[in-house]
Amino acid sequence: MTREEKATVIEDLTAQLADSANIYLADISGLDAVATSNLRRACFKANIKLAVVKNTLLAKAMEASDKEFGELPDVLKGNTSLMLSETGNAPAKLIKNFRKKSDKPLLKGAFIEEAVYVGDENLDSLVNIKSKEEVIGDIIGLLQSPAKNVISGLKSGGGKLAGILKTLSEK
């Protein structure tokens, strides 16, 4: 690989890191061709971009990036695969689900919305992170709950003004 090709790869990786709020580093070495193909297919279905990268080039892209990756460059040893996703917990869920059949992929580290996680022991924590859509859904559910109580109270009041007032005063 020439210097120009390396520079191009570093620029591309830097742009990908800048565009992604959720970055996972995983070790998929040791997977056979069928398992690797299944992993790539699962990533495609979950809208996760999976790419095998050279550690030195990724480290240089991290240095060139505006983001603060903390300890993540330290885990760039051995084989490294880059997983990029719009949803913070999607790659973690995919890794955990995939490991039901295999002991790989291993989580090396993750950068989620400016928080850095290093090590495979953080996988369960990352799985439990709620996506923006899940948080919005929870908030909407909480906001609808009191309105539903009032509506059910009004219905149980029999539709008469005295019953409605009695029900509302009890609530």
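If you're wondering where the values come from, they're calculated on a predicted model, not measured in any experiment. (Residues numbered from 1 in each chain as written. Predicted model: local features only at pLDDT ≥ 70, side-chain atom pairs only at ≥ 80, totals over all residues. Heavy atoms only, no water.)

**Observations concerning the nonpolar core**
One broad rule of soluble globular proteins: the nonpolar side chains tend to lie buried together. Judged by nonpolar contacts, the single largest core of 21 residues is most densely connected at Tyr-24, Leu-39, Cys-43, Met-83 and Leu-126. Of all the elements, helix 4 (residues 90–98) adds the most residues to this core, at 5 residues. Not counting the four nearest positions on each side in its chain, Met-83 is found in contact with Asn-22, Ile-23, Tyr-24, Ala-26, Cys-43, Ile-48, Lys-49, Leu-50, Pro-91, Leu-94 and Ile-95. Counting residues in each nonpolar core, the second largest holds 18 residues, with Leu-17, Ile-23, Leu-58 and Phe-111 among its members. (Core = buried A, V, L, I, M, F, W, Y, C linked by side-chain atoms within 4.5 Å. Buried < 20%, exposed > 50% of the residue type's maximum accessible area, 1.4 Å probe, protein only. Helix = DSSP H or I, 4+ residues; strand = E, 2+ residues; numbered from the N terminus. Contact = heavy atoms within 4.5 Å.)

**Notes on the sheet that holds strand 3 (residues 80–85)**
In a beta sheet, neighbouring strands pair by backbone hydrogen bonds and run either parallel or antiparallel. Here we have 5 strands laid out as an open sheet, ordered 2-3-1-4-5, and antiparallel in their pairing. Taken across any chain shown, the strands that pair with only one partner, and hence form the sheet edges, are strand 2 (48–53) and strand 5 (115–118). Strand-to-strand twist of the sheet, defined as the mean angle between neighbouring strand axes without regard to direction, takes the value 20 degrees. Pairing geometry for strand 4 (residues 106–112) and strand 5, over 4 bridges, is antiparallel. Its bridge partner lying in strand 5, Gly-109 is registered against Val-118. Its contacts with the sheet put helix 2 (residues 33–45) on strand 2 and strand 3, and the angle it makes with strand 2 is roughly 140 degrees. Contacts from helix 4 reach strand 1 (22–27), strand 2, strand 3 and strand 4, with the element oriented near 130 degrees to strand 3. (Pairing = 2+ DSSP bridges. Axes fitted to C-alpha atoms, helices over the stretch in contact; angles between N-to-C directions.)

**A word on the pairing of strand 3**
Counting buried residues along strand 3, 6 of its 6 residues qualify, which places the element largely inside the surrounding structure. Burial along strand 3 is two-sided: Thr-80, Leu-82 and Leu-84 and Ser-81, Met-83 and Ser-85, pointing in opposite directions, are all buried. Of the strand pairs in this sheet, strand 1 and strand 3 are connected by 5 bridges, and their pairing is antiparallel. Each bridged residue has a counterpart across the sheet, and for Asn-22 the counterpart in strand 3 is Ser-85.

**Focus on the side chain of Lys-104**
Here Lys-104 shows up in the loop between helix 4 and strand 4. Reaching out from Lys-104, the side chain makes a polar contact with the side chain of Asp-27 at a distance of 3.3 Å. A distance of 3.4 Å separates the side chain of Lys-104 from the backbone oxygen of Ser-29, its partner in a polar contact. Not counting chain neighbours up to four residues away, the residues in contact with Lys-104 comprise Asp-27, Ser-29, Leu-31, Phe-98 and Arg-99. (Polar contact = N/O pair within 3.5 Å; in protein donor to acceptor, adjacent residues only side chain to side chain.)

**Section: the environment of Lys-93**
You can see Lys-93 is positioned in helix 4. The class of Lys-93 is partly exposed, set by a relative accessible area of 37%. When near neighbours in sequence (up to four residues on either side) are disregarded, Lys-93 contacts Val-127 and Glu-134.

**Details of a nonpolar patch on the surface**
Together, Val-135, Ile-139 and Leu-143 give the surface a local cluster of nonpolar side chains, amounting to about 280 Å² of exposed area. Along the polypeptide, Ile-139 turns up in helix 6 (residues 132–156). Given the relative accessible area of 44%, Ile-139 is considered partly exposed. (Patch = residues over 30% accessible without salt bridge, like charges linked within 9 Å, V, L, I, M, F, W, Y side chains within 5 Å. Areas by Shrake-Rupley, 256 points an atom, 1.4 Å probe, with all protein chains shown as cover. Salt bridge = Lys/Arg side-chain N within 4 Å of Asp/Glu carboxyl O.)

**Looking at a positive patch on the surface**
On the surface, Arg-3, Lys-6, Lys-54 and Lys-60 cluster together to form a positively charged patch. On the secondary structure map, Lys-54 appears in the loop between strand 2 and helix 3 (55–64). Judged by relative accessible area, Lys-54 falls into the exposed class, the value being 52%. (Lys, Arg positive; Asp, Glu negative; His and termini not counted. Charge placed at Lys NZ, Arg CZ, Asp CG, Glu CD.)

Purely spatial values, then, with no claim about function.
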